[in-house]
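Architecture and fold: a report
In case you want the letters, here they are:
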Amino acid sequence: MSTNPVEPEPTAAATSPAVPAPSPDPLSVLMRHIRESPEFPAFSANIRELLLIMENPNYSVYDLSRIILRDFSVTTQILKMVNSVFYRSYLHQVHTISNAVMLLGSNSIRDLVVGLKLFENFRKSRHLVHLKKLVLLSLFTAICAHELAQEQGRFPVEEVFLTALLANIGEIITAYYFPDEYHHQILNLVAEKNLTKSEAAKEVFQVSMEELGLAIIEEWNLPETVLYRLANFNEISEDDHSPEASMRRLIKCAQHLSRRLQDSDLSLDEWRKQGQKFFTSLGFTSESVSANLAISMNRFQEVADILSLDLKKMGLPVAAKAQKREAAKKEPEAGLPGKRPEADQAPAEGEAPVQEKISFLYQVLEEISQSIASGAPINQIIMMVLEGIYRGLKLDRVAFCLVDPKRTWVTARFGLGEKVEDLLPLLKAPMHSRNNAMVLALENHKEYLANPISRPLDRDYMGEAFWNDSQAQTFLVTPIMVDQKPIGVIYVDRLQPRIPITEAECQRIRTFRDQIIIAIRLSRRGLGA
């Protein structure tokens, strides 16, 4: 006898149709790949911090300088640019970032830093020459748009620079993080199907370069006005003649002209004629366009020189000024007074760094003296002093600590160096303390140098908790006294063991300290105190 098997009770899982897993959003996939890149988090954090500080109405010169000074390469490049012909509008050299911020304005310095950070980050690509060219052309777009915006005076020039600089960020990001797809698929589609690069990216990734670029700048928390402008960059009605639409047209013209710099079949004269055609249609005179394009090319050349890039080797035009300079280099130098072959000029081992250090210190001291004579604010003088000590003496951290008006506390106000944000809260002490080096320095009118490695009892100066939390191996506190009254202290330290703070360095710190005292006395005199 056959039996029919008992059918199992249907379950909800058995009767429900299989729900396909949602396919990942293409943009999310690209962004995840970028975020997982080792370079992206640190780079993004730096850019974000820089831009967020500028949105804070209470930001200071110190806040901006502190971020720039973390990066030695960018610090050097910024100072070279500030002292170049096309940025300099004053009579003396600038040797400190804090003074550069005061002279050029925080927005201009911010824009330069963002441009340099872009270049420094993206120069690591294995397709180095192409990435360098893309970033350089973005810099040229920004320089050109900035010059013409200044000419008309109708637009906020800082926003023009930043918007123009980032207008092509989508292509830069694509070429950097997806080099194989960019070089082997996107560029091939451009050649085969006559597509734009962004259209080709849409075929490859289902995401356009503009969409990817916008996602990146949202990650960076750019100012709302710049974000809005870039989100709507290509949406300009022919009937819209508002300042916003005019600004976008200006940047688009500069971007188009920048891209034409790569055309090997286009002479520089033809390129200039195209530029005149673009910009005269926006209301510029032919003469002003010609003058501003010449300035833009020279500034572009200055940037390339500072970044040690050979525009000619990269297939980009070279400014006439640079051509003359190269021709002059090829002329024989024999017979010039004081000129010796480069090999003969090599100093003895260890000599050059010392001479350079002393030269830098004297230059910064002179710059501080000029700022004092011109009546610069005390905070600016203090910041220049800290920067001079920090960069000139190669210390790990330097901080300025101030005595409060009631003379009850001494507290760190600002500082420079590695992990200085963790250090500053530790530099606070009541003025009645008996085991704090800062308080002892102010009471006894003398500096205290603590080096527990060679003198274990020096750990008593600040207490065990300070040494453990600060990670300092040796420190110096130098009091600032004005007319016998305690004003504050300069604190410096080193984080590496067995690298002492020498007597020569102590003497140089005293010299810088005296500049603060002079500035305070002069400011009190000016206030009738």
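Attention here is on the structure that accompanies the text. What you see is a predicted model, and the numbers here were worked out from it, not measured in a lab.

Looking at the overall build of the protein
Looking only at helices and strands, one finds 24 helices and six strands in the protein. For the protein, with 529 residues in total, the buried portion stands at 49%. Residue pairs in contact within the protein that sit at least 24 positions apart in sequence constitute 63% of those at least 6 positions apart.

Notes on the environment of F414
Following the sequence through the fold, F414 ends up in strand β2 (residues 409–417). The spacing of F414 and D63 is 351 residues in sequence and 9.0 Å in space, taken between C-alpha atoms. Ignoring sequence-local partners within four residues, the contact set of F414 consists of Y62, I382, L386, A399, F400 and L424.

A closer look at the side chain of S65
Within the secondary structure, S65 sits in helix α4 (residues 61–69). Setting aside anything within four residues of it in sequence, one finds S65 in contact with I97, S98, V101 and M383.

Overview of the sheet that holds strand β3 (residues 428–430)
Pairing is antiparallel in the open sheet, where six strands are placed in the order β3-β2-β1-β6-β5-β4. Single-partner strands in this sheet number two, and they are β3 and β4 (448–450). Taken pair by pair, the neighbouring strands of this sheet meet at an average axis angle of 15°, ignoring direction. Summarising the sheet, strand β5 (residues 474–482) and strand β6 (residues 485–494) pair through nine bridges and their orientation is antiparallel. Paired with M481 across the bridge in β6 is P486. In the packing of helix α22 (residues 437–444) onto the sheet, the strands contacted are β1 (397–403), β2, β3, β4, β5 and β6, and the crossing angle to β5 comes to about 35°.

Focus: the side chain of S371
By the element assignment, S371 lies in helix α19 (residues 351–373). Not counting the four nearest positions on each side in its chain, S371 is found in contact with N99, A376, Q380, I381 and M384.

Some remarks on the packing of aromatic side chains
Overall, the coordinates contain 13 aromatic pairs when judged by the stated rule. With a centroid separation of 5.3 Å and 80° between ring planes, the pair formed by Y448 and Y461 is classed as edge-to-face. One end of the pair, Y448, is in strand β4; the other, Y461, is in the loop between β4 and α23 (464–470), and 13 residues separate them in sequence. Given the relative accessible area of 24%, Y461 is considered partly exposed.

With respect to the pattern of salt bridges
Scanning the model with the defined rule gives 24 salt bridges in all. The partner of E505 in a salt bridge is R494, and the shortest N-O contact between them spans 3.0 Å. Taken together, the residues E505 in helix α24 (residues 503–526) and R494 in strand β6 connect sequence positions eleven residues apart. Each member of the pair, E505 as well as R494, carries the same accessibility label: buried. A salt bridge links D514 to R513, with the shortest nitrogen-to-oxygen separation between them at 2.9 Å. When its relative accessible area of 33% is taken as the criterion, D514 is described as partly exposed. Residues joined in a network through salt bridges with shared partners are D63, R66, R70 and E421.

Analysis parameters
- Chains are numbered independently. Their residues run from 1 in the order of the written sequence.
- Local features in this predicted model are restricted to residues of pLDDT 70 or higher, and side-chain atom pairs are both shown and tallied only at a pLDDT of 80 or more, whereas totals for entire chains, interfaces and linings draw on every residue.
- Excluded from the side-chain calculation are hydrogens and water; included are all heavy atoms of the structure.
- Counting from the N terminus, the helices are DSSP H or I runs at least four residues long and the strands are E runs at least two residues long.
- A simple rule labels every residue: compare its accessible area, found with a 1.4 Å probe on the protein chains alone, to the largest value its type can have, and call it buried under 20%, exposed over 50%, or partly exposed in between.
- The contact criterion used throughout is that any non-hydrogen atoms of two residues lie within 4.5 Å.
- What makes two strands pair is DSSP finding at least two bridges between them.
- In this analysis, axes come from line fits to C-alpha atoms, helices being fitted only over the stretch in contact, and the angle between any two N-to-C directions falls in the range 0 to 180 degrees.
- Two aromatic rings from Phe, Tyr or Trp, using only the six-membered ring of Trp, form a pair when their centres are within 6.5 Å; if the ring planes differ by under 30 degrees the pair is stacked, by over 60 it is edge-to-face, and anything between is tilted.
- The term salt bridge refers to a side-chain nitrogen of Lys or Arg lying within 4 Å of a carboxyl oxygen of Asp or Glu.

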